[in-house]
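Residues per chain, in single letters:
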Number of protein chains: 2
Amino acid sequence: MKKVSVLGVGKTKYGVLKDKTLLDLAVEAGKKAMDDAGITPEEIDAFYLGNYAGSDFINQNHLAPYVGAALGLRGNVSCTHIENACASGGSAIREGILAISAGAASRVLVIGVEKMNTVPTPKVTEFLAKAGDWEREVKVGYTFPSAFAMMARRHMHQYGTTREHLAAVAVKNHGNGLRNPDAHMQKPLTMDQVLDDTRIIADPLRLYDCSLITDGASAVVLGEKSLAKGFYKRPVEIIGFGQANDCFALYQKEDLTRFDSTIEAARMAFTMAGINPEDVDVVEVHDCFTIAEIMAIEDLGFVPKGEGGPATLDGVTSLSGKFAVNPSGGLKAKGHPVGATGVDQVVEITLQLRGEARERQVKGAETGLTHNIGGSGATCVVHILARG
Amino acid sequence: MKKVSVLGVGKTKYGVLKDKTLLDLAVEAGKKAMDDAGITPEEIDAFYLGNYAGSDFINQNHLAPYVGAALGLRGNVSCTHIENACASGGSAIREGILAISAGAASRVLVIGVEKMNTVPTPKVTEFLAKAGDWEREVKVGYTFPSAFAMMARRHMHQYGTTREHLAAVAVKNHGNGLRNPDAHMQKPLTMDQVLDDTRIIADPLRLYDCSLITDGASAVVLGEKSLAKGFYKRPVEIIGFGQANDCFALYQKEDLTRFDSTIEAARMAFTMAGINPEDVDVVEVHDCFTIAEIMAIEDLGFVPKGEGGPATLDGVTSLSGKFAVNPSGGLKAKGHPVGATGVDQVVEITLQLRGEARERQVKGAETGLTHNIGGSGATCVVHILARG
């Protein structure tokens, strides 16, 4: 299998971007990534687009050649749209890696994009719910806040996780987001603010436990590792990856407090990389809700099961902690444009490993990991990146 | 790049299948393909699902793990949904090939499925139109029948193609469909019937020039060629493939009578296979409308530009002709469950090359080609298969 490196990264600002279309966002991120890699559209020979629901949000399907043509990709370029719910971006990165590993492409552009602020919030919730089991869950009232609320309640019951533990995730990630000029949410939070806020979304989750409805796009250029040397003093290699599945519906899960897909995808990625969780300096996890970050750092093997909450409250996952989690602000503060998220995690880890993350730089970061889930964990994609 | 073979194929009956859900169809086809390959779900290590609009037709996204879980795939299996409009199935096959070529999987299940008969026909037309350019075309009245009508009219103008030429495609494909027990349409047509029918859909295209609104699923198991030997006396190898893109909207095309994406994808596939169009015995092309088959056989290099109509009328593309086109009945008579079509083309060519196509068998077929397009040609995927 050929080794694959990140040759360039780019992204738009994340937020409620009323004056930007999906096409504007995707093209901006894609151009920035190609500029960063120092290449032109003519040098790209495969393109993967991660998007969840362009069909719903903007009535547009067949999005890969739609964006590809606008970027000036033309001719012998395969343009393929990947949809794996909130893991669409991570799966798109994976397909890009495979195209290079297979020898079918030497430079691949991957863009993740979602334009969500086109409809009222209840419609957004309905569109997102299509990533759950429509017949067996959504029709009887399932939404993602309710699903993660059940996970949180069960985690509290099994492990003694508290509201303070959840709040610590929000406070940390809002703090990190303040250091990220591209983050959607630029708002400091105190523990008291999170705990005192009375807007219950789905008990025990309250307003500040939830990620955001965000417009945005992120992009990477991938290439054979042998190409990377000419590009940067500090190239970043993808040293391991894994994508796993699990049962689809929440009611089918054996244990609501863990994602087996995360455990398995991490096992695959760590095995390929030949390293252990202790070797990782910086991590971007899928904190669609605060409880999801706690579950993620446990399932990925960074802390023992049940200790995610206390570790977060103790600062273990802060920018200066033992391993930094979500330095970008995560889905919670940076925002969660669904199809973009998995790609942006790779953008952030690349910047961290290059030492270009400015105010949110994790000092001396040499190895990083991304964790992207779809639905209530039916899909998980993990990538491990390293300098060199 | 590792060589890839088709280890097993399976499909449902195609038609208006009121009592089958998308899940029923996908599971049936997937199980049949695994049975045909003689393997169990535990032996599959990657799964690609081609589907166009499950989100619209059945309110279900995140379809790959949804189907994967129902098939008993669980754990270290990547389940990924590919959407490339009407080329979703062809692109899903391609990703399966790449996963094996990259060494990331040794046995891959690919299923294409679409459940379309859930809404009234005008809604179907609206959902399909999302594969065109919604902002710049659909909003001003663009639908796919109108797009292909413009191509037909221009082809008539440039090359003297006639209504009889178009009708010959319909008559041939209905005849082939009568020999395919799984085909949606089991109805013989005469030239007079096609020509006399007065139901204009989009002039010059009439009722019998158009493909069908079909429910169905098709599946293949792909594997390293080295695995194929134990499976069959007559294994089928994928000896070449190509996927190309083009401008997205119809108004951007230089010439309405050709698909540059077909020309380029075919060039890539023939180069990889090291053969020429003359070497191909049997072809499944994307005849969403009769004119599309004529354009396809020209753009693929089987006949000179402008001679697709006369060649069809002369029987060159009949079951016993120089090269057989759409022995399955094609989209026109077999039906066009959008996301399934590109996969089913590979199913049909595999059966033909194995000599298992019964009444529609092309005698002595040793090499076959599939041609799958998305939108008005913004995507084209070509695969070339051969015995051995």
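Note: the structure precedes this text.
So, here is what we can say about the structure in this document. (Residues numbered from 1 in each chain as written. Chains lettered and ligands numbered in written order. Predicted model: local features only at pLDDT ≥ 70, side-chain atom pairs only at ≥ 80, totals over all residues. Heavy atoms only, no water.)

### Side note on the overall build of chain A
- For chain A, the count of helices and strands is 14 helices and 12 strands.
- Compactness check: chain A gives a C-alpha radius of gyration of 19 Å against a globular reference of 21 Å for 388 residues, within 12% of the reference.
- In terms of overall dimensions, chain A has C-alpha extents of about 55 × 45 × 35 Å along its principal axes.
- Taking all 388 residues of chain A together, 66% fall into the buried category.
- Expressed as a percentage of contacts within chain A between residues at least 6 apart in sequence, the contacts between residues at least 24 apart total 79%.
- Put simply, chain A shows about 12,100 Å² of open surface, and 51% of that area lies on carbon and sulfur atoms. (Helix = DSSP H or I, 4+ residues; strand = E, 2+ residues; numbered from the N terminus. Rg over C-alpha atoms; globule rule 2.2 N^0.38 Å. Buried < 20%, exposed > 50% of the residue type's maximum accessible area, 1.4 Å probe, protein only. Contact = heavy atoms within 4.5 Å. Areas by Shrake-Rupley, 256 points an atom, 1.4 Å probe, with all protein chains shown as cover.)

### Some words on the relation of the copies chain B and chain A
- You can overlay chain B on chain A at an RMSD of 0.0 Å; the transform is a turn of 180 degrees with a shift of 0.0 Å along its axis. The superposition operator between the copies reduces to a two-fold rotation axis. Among all C-alpha atoms of chain B, that of B:A102 lies closest to the rotation axis, at 1.9 Å.
- A shared binding surface is used by both copies, with 100% of the interface residues of chain B retained as interface residues in chain A. (Least-squares fit on C-alpha atoms with pLDDT ≥ 70 in both.)

### Some thoughts on empty space enclosed by the protein
- Within this structure, the stated rule accounts for two cavities of 30 Å³ or more.
- The space that makes up the largest cavity amounts to roughly 120 Å³.
- Taken together, 16 residues line the largest cavity, and the ones lying closest to its centre are A:Y52, A:S55, A:N61, B:S55 and B:N61.
- When contributions to the lining of the largest cavity are tallied by element, the ones reaching two or more residues are helix 2 (54-58) and strand 3 (78-83) of chain A together with helix 2 (54-58) and strand 3 (78-83) of chain B. (1 Å grid on protein atoms, 1.4 Å probe; cavity = no way out; pocket = protein on both sides within 12 Å on 5 of 7 lines; lining within 4 Å. Points joined across faces, edges and corners; volume = space filled by probe spheres on them.)

### Describing the interface of chain B and chain A
- Taken together, the contact between chain B and chain A spans 58 residues of the former and 58 residues of the latter.
- Across the interface of chain B and chain A, roughly 4,500 Å² is buried in total on both sides, 48% from carbon and sulfur atoms.
- Counting across the interface, chain B meets chain A through two salt bridges.
- At the boundary of chain B and chain A, one finds 40 residue pairs in polar contact (both at pLDDT 80 or more).
- At the level of elements, helix 2, helix 3 (63-70), strand 3, helix 4 (88-101), strand 8 (236-245) and helix 10 (260-273) of chain B are the ones that each hand at least two residues to the side of chain B that touches chain A.
- A class-by-class count of the residues in the side of chain B that touches chain A yields 27 nonpolar, 20 polar and 11 charged.
- Sheet topology note: the strand 3 of chain A/strand 3 of chain B ladder contains three bridges and is antiparallel. (Buried area = accessible area lost by both parts, 1.4 Å probe. Salt bridge = Lys/Arg side-chain N within 4 Å of Asp/Glu carboxyl O. Polar contact = N/O pair within 3.5 Å; in protein donor to acceptor, adjacent residues only side chain to side chain. Nonpolar A, V, L, I, M, F, W, Y, C, P; charged D, E, K, R; others polar. Pairing = 2+ DSSP bridges.)

### With respect to the environment of A:M150
Residue and element names in this part refer to chain A.
- Along the polypeptide, M150 turns up in helix 6 (residues 144-159).
- Separated by 52 residues in sequence, M150 and A202 place their C-alpha atoms 8.7 Å apart.
- Non-local contacts of M150, meaning those with residues more than four positions away in its chain, are made with L250 and L256.

### Some details on the environment of B:A85
- Along the chain, the position of B:A85 falls in the loop between strand 3 and helix 4.
- Separated by 288 residues in the primary sequence, B:A85 and B:I373 have C-alpha atoms spaced 8.2 Å apart.
- Non-local contacts of B:A85, meaning those with residues more than four positions away in its chain, are made with A:H62, B:Y52, B:A131, B:V338, B:G374 and B:G375.

### Considering the pairing of strand 7 (residues 216-224) of chain A
All names here are of chain A.
- Counting buried positions along strand 7 gives nine out of nine residues, so the element sits mostly inside the fold.
- Inspection of the sheet shows strand 1 (residues 4-11) paired to strand 7 by seven bridges, in the antiparallel sense. The residue bridging K11 from the neighbouring strand is S218, located in strand 7.
- Note that strand 4 (residues 107-114) and strand 7 share eight bridges and pair antiparallel. Each residue of the ladder has a partner; that of V110, found in strand 7, is V220.

### What to know about the side chain of A:D287
All names here are of chain A.
- Locating D287 in the fold gives a position in the loop between strand 9 (282-284) and helix 11 (290-299).
- For the buried D287, which has no salt bridge, the nearest side chain bearing the opposite charge is K172, at an N-O separation of 6.5 Å.
- A polar atom in the side chain of D287 sits 2.7 Å from the backbone nitrogen of L331.
- Beyond its immediate stretch of four places on either side in the chain, D287 contacts N173, S211, A292, E293, N326, G329, G330, L331 and K332. (Lys, Arg positive; Asp, Glu negative; His and termini not counted.)

### Observations concerning the pairing of strand 4 (residues 107-114) of chain B
Residue and element names in this part refer to chain B.
- Most of strand 4 sits inside the fold, with eight of its eight residues counted as buried.
- Because side chains alternate across strand 4, one face comprises the buried residues R107, L109, I111 and V113, and the other comprises V108, V110, G112 and E114, equally buried.
- Sheet topology places strand 2 (residues 46-50) next to strand 4; five bridges connect them, and they run parallel. Looking at the pairing, G50 lines up with G112 of strand 4.

### A few points about the pattern of salt bridges
- The full count for this structure, using the stated rule, is 52 salt bridges over all chains.
- Of the charged contacts in the structure, one is a salt bridge between A:E28 and A:K20, with a shortest N-O distance of 3.2 Å.
- A salt bridge links B:E356 to B:R354, with the shortest nitrogen-to-oxygen separation between them at 2.9 Å.
- Owing to a relative accessible area of 37%, B:E356 belongs among the partly exposed residues under this scheme.

### Some points on the packing of aromatic side chains
- Scanning all chains against the criterion turns up 12 aromatic pairs over all chains.
- Summarising the aromatic geometry, the rings of A:F248 and B:Y66 are spaced 5.1 Å apart at their centres and angled 70 degrees between planes, so their arrangement reads as edge-to-face. Note that A:F248 is positioned in the loop between strand 8 (236-245) and helix 10 (260-273) and B:Y66 in helix 3, a pairing that runs across two chains. Each member of the pair, A:F248 together with B:Y66, is buried. (Phe/Tyr/Trp six-rings, centres within 6.5 Å; stacked < 30°, edge-to-face > 60°.)

### Quick look at the environment of B:L7
Residue and element names in this part refer to chain B.
- Assignment of secondary structure puts L7 in strand 1 (residues 4-11).
- Here L7 falls in the buried class, since its relative accessible area comes to 0%.
- Considered as a pair, L7 and R107 are 100 residues apart in the sequence and their alpha carbons are 8.7 Å apart.

### Some points on helix 6 (residues 144-159) of chain B
Residues and elements named next belong to chain B.
- Under the 1.5 Å per step criterion, the end-to-end length of helix 6 is 22 Å for 16 residues, consistent within 8% with the ideal 22 Å.
- All buried positions along helix 6 are accounted for by F144, A147, F148, A149, M151, A152, H155 and M156.
- Turning to helix 6, the residues buried within the fold contact helix 5 (121-129), helix 7 (163-178), strand 5 (200-202), strand 6 (205-206), helix 11 (290-299) and strand 11 (367-374).
- In the stretch just after helix 6, G160 is the one whose phi turns positive, near 75 degrees. (Expected span 1.5 Å × (residues − 1).)

By themselves, these observations are geometric and do not establish any function.
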